[in-house]
Amino acid sequence: MTDGQPKSDGRPKTDGRPKTGPEQPMPDGGQPTTGPRQPTTAGQPPTDARPPAPAPLPPPGAACPAHSGGGAPHRLAPGGAGRAAADALLREAGAVVPVLLPGEVPAVAVTRHAVLREVLAHPEVAKNACHFAALHDGTVPPGWPLTTFATVDGMTTADGADHRRLRGLVTKVFTARRVAALRPRVVELTAGLLDGLPGAAAADGTVDLRRHFAYPLPMSVICELLGVDAALRDRLHELSNLIVGTTGTADEVQAANREITAVLGEVAEARRADPGDDLTSALIAAQEEDGDRLSARELVGTLLLMIIAGHETTLNLITNAVRALCTDRGQLELVRAGRATWDDVVEETLRHDSPVAHFPFRYPVRDLELGGTVVPRGTPMLASYSAAGRDPEAYGPDADRFDVTRRPATRHLSFGHGPHYCLGAPLARLEATVALEALFTRYPALDLAVPDAELPPHQSFIGNSTHVLPVRLTG
C-alpha cells in the first residue's frame, strides 16, 4: 500500500526533506516528526475557458474584497454563538472567505456547497501540516490550541500513498460487517439509557438529554468497540471537549493533549498485552501481520481520532435532531404518519444543522483559484459544513427550513467527500436512527423545557450544537 518497503520499525519512509521552518512540538508533548509526508499532486486543472482574473486574498488585517464596504476578515466567534446567522454572513461574503483564527492566525473558510465539494476532493489541496505555511514561519504562536488538528499522526493529516496506507489498515478491521453487528448492542444500550431518564430528572421534572442520553450512547459504543475501560469514558469526554472546544487556554489544551495521548497509549499497551475482540486489538494485529503496519504514534493518533469523532459527532447529531423535531413538531408528525423515515430525519439534520461547523485544516499546495478567489499556497482552510448545508444555491431558497420530506438533488457534505470521507458515517447513522426512533417511541410527548433559541451554544466553532438539552419527558 506504500510506494516502497517500510522501515523495520513499521513506520513509512519519509521523503527525507528538511523542515521548512522551526520544528513544531507534537500535541502529546513529545518530539517533532522527522519530516513531512509527501502528498501526491496532479497537473493543472483543465481550462476550457479563461475566467476573469480572480482576486487574491488580502494579508491579515487588510481589507477583504469579499465584504461589501471592505471590512476586515471575519473573526470566528470561539464560543459558537449565533451559528446560523454567522454562517449566512460568511456565505454572503463569498465561497472562500478570509477569517482569523485564535491567535490572529489567518485562514479561509469554504462556505458554499459546490466549492467545498471541489476542495474536499481537489488533488492539489493537502492535509499534511508540512504545507501549513504559518506553522513554519512563526505566525502561529507557541502552544497554539489548534495545533493538534494540524499535527496529530493519523489519517486526518496524511495525503496520497501515506493516507491510503493508514486508511487501508483501519478499513481492514473497521468493516461494514463489524458496524452492522453492533446494532443489537446499540439497541440494548439505548433501551437502558431510556429506562434511566426518569431517575435523572431534576426536581422540576427536566432532564438534560444531552448529558444523560445523547452523550453516553455513542461514547459507550465507541469505547466498547475500541476496548476502552468504562471508568475512562467520562474523562476521555472531558479531554476531547477541551481539544474540540475553542475557548480553552493554550495551557489547558496542551495539558488535555498530553493526558489523552497518555491514556490512549496505556489503552494500546493494555490491548497489546491482553488482546480482545475489539478494534484496538485488531489494529495491533494488523500492525504486527502487515509490512505496512501502524507505528505506535499512528496507533494512538488513530485511537484519538476514533474516540473524538466517534462520539462528539453523534452526540451533536442526536442533540440537533431532537431540537429540530421539538421545535417543529409537524416534522415529527410526518415521521409518525409514515411520510418520512428516521433515516430522513438523520439526513436532514446532517444537512440543516451539521454536527461540525468549521473543520480544520486543508492547505493548497500551490496558489489555487477556488470560487473566484486565489488562495495562496499553504493557507489553512476550514471546511465550513454548517454553512454549506444551508447554501441556497444547492438546496433552494428554503435551505434554512428543516424539512424531513426534502429530497434534494444535492447530497449534503457533513461526512465529507473524496478520499477523506468519514469512515464512521455508517456507525453514526446507525446510532442516531436507533436512538431517535426509540426516544420518541418511549416518550412521545417529549419536548424542550426551554425555547431552542435560549439554549446555550456548545463552546466551539468546530463542533455545532448546544451545551445542554433540557427536556420534559411527558411534555
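Structure: above.
Description of the structure in this document. Just so it is clear, the structure is predicted and the values come from calculations on it, not from any experiment. (Residues numbered from 1 in each chain as written. Predicted model: local features only at pLDDT ≥ 70, side-chain atom pairs only at ≥ 80, totals over all residues. Heavy atoms only, no water.)

A word on the environment of leucine 76
For step 1, the next point in the chain: Among the secondary structure elements, leucine 76 is positioned in the loop between strand 2 (74–75) and helix 1 (83–93).
For step 2, the next point in the chain: The exposure class assigned to leucine 76 is buried, which follows from its relative accessible area of 9%.
For step 3, the next point in the chain: Note: C-alpha distance between leucine 76 and alanine 86 (ten residues apart in sequence) is 8.6 Å.
For step 4, the next point in the chain: Excluding residues that lie within four positions of it along the chain, leucine 76 makes contacts with Leu90, Val99, Leu100, Leu101, His358, Leu382 and Phe461. (Helix = DSSP H or I, 4+ residues; strand = E, 2+ residues; numbered from the N terminus. Buried < 20%, exposed > 50% of the residue type's maximum accessible area, 1.4 Å probe, protein only. Contact = heavy atoms within 4.5 Å.)

Considering the nonpolar core
For step 1, the next point in the chain: With 109 residues, the main nonpolar core has Leu101, Phe132, Val322, Leu439, Phe440 and Leu446 as its most contacted residues.
For step 2, the next point in the chain: Ranked by residue count, the leading element in this core is helix 13 (residues 296–327), at 15 residues.
For step 3, the next point in the chain: With sequence-adjacent residues up to four places away left out, phenylalanine 440 is seen in contact with Val322, Leu325, Cys326, Leu332, Arg336, Trp342 and Leu446.
For step 4, the next point in the chain: Formed by 18 residues, the second largest nonpolar core is a distinct cluster that contains Leu116, Val119, Val356 and Ala388. (Core = buried A, V, L, I, M, F, W, Y, C linked by side-chain atoms within 4.5 Å.)

A word on unusual backbone geometry
For step 1, the next point in the chain: Between proline 360 and the following residue, phenylalanine 361, the backbone shows a cis peptide bond with an omega angle of -15 degrees.
For step 2, the next point in the chain: Mapped onto the fold, phenylalanine 361 is located in strand 7 (residues 358–364).
For step 3, the next point in the chain: Although it is not a glycine, glutamate 104 adopts a positive phi angle of roughly 60 degrees.
For step 4, the next point in the chain: Tracing the sequence through the fold places glutamate 104 in the loop between strand 3 (96–101) and strand 4 (105–110).

Looking at the pairing of strand 7
For step 1, the next point in the chain: By the criterion of burial, strand 7 is predominantly enclosed, with six of the seven residues buried.
For step 2, the next point in the chain: Taken together, the two bridges between strand 5 (residues 125–126) and strand 7 define a ladder with antiparallel strand orientation. Paired with valine 125 across the bridge in strand 7 is proline 364. (Pairing = 2+ DSSP bridges.)

What to know about the environment of leucine 469
For step 1, the next point in the chain: In this structure, leucine 469 sits in the loop between strand 11 (447–448) and strand 12 (470–472).
For step 2, the next point in the chain: For leucine 469 and leucine 455, which are 14 residues apart along the polypeptide, the C-alpha to C-alpha distance reads 7.3 Å.
For step 3, the next point in the chain: Those residues in contact with leucine 469, other than ones at most four positions away along the chain, are Val207, Asp208, Leu209, Arg210, Thr319, Val322, Arg323, Leu448 and Leu455.

Let's talk about the side chain of aspartate 353
For step 1, the next point in the chain: Counting through the fold element by element, aspartate 353 comes out in the loop between helix 15 (342–352) and strand 7.
For step 2, the next point in the chain: With a relative accessible area of 13%, aspartate 353 lands in the buried category.

Quick word on the sheet that holds strand 10 (residues 381–384)
For step 1, the next point in the chain: Ordered in space as 2-3-4-10-7-5, the six strands form an open sheet in which the pairing is mixed. Edge strands, defined here as strands with exactly one partner in the open sheet, are strand 2 and strand 5.
For step 2, the next point in the chain: Alignment of strand 7 against strand 10, held across three bridges, turns out to be antiparallel. By the bridge assignment for strand 10, histidine 358 is matched with serine 384.

A word on the pattern of salt bridges
For step 1, the next point in the chain: All chains considered together, the criterion is met by 25 salt bridges.
For step 2, the next point in the chain: Notably, a salt bridge pairs arginine 185 with glutamate 188, separated by 3.0 Å at the nearest N-O pair. Placement of both arginine 185 and glutamate 188 in helix 7 (residues 183–200) is noted, with a separation of three residues, approximately one turn of the helix.
For step 3, the next point in the chain: With relative accessibility at 31%, the residue arginine 185 sits in the partly exposed group.
For step 4, the next point in the chain: Across the pair arginine 235 and glutamate 259 runs a salt bridge, and its minimum N-O distance is 2.8 Å. Of this pair, arginine 235 sits in helix 10 (residues 233–244) while glutamate 259 sits in helix 11 (residues 250–273); the two residues are 24 residues apart in sequence, bridging distant segments of the chain.
For step 5, the next point in the chain: Residues participating in the shared-partner salt-bridge network are Glu348, Arg351, Asp398, Arg401, Asp403 and Arg406. (Salt bridge = Lys/Arg side-chain N within 4 Å of Asp/Glu carboxyl O.)

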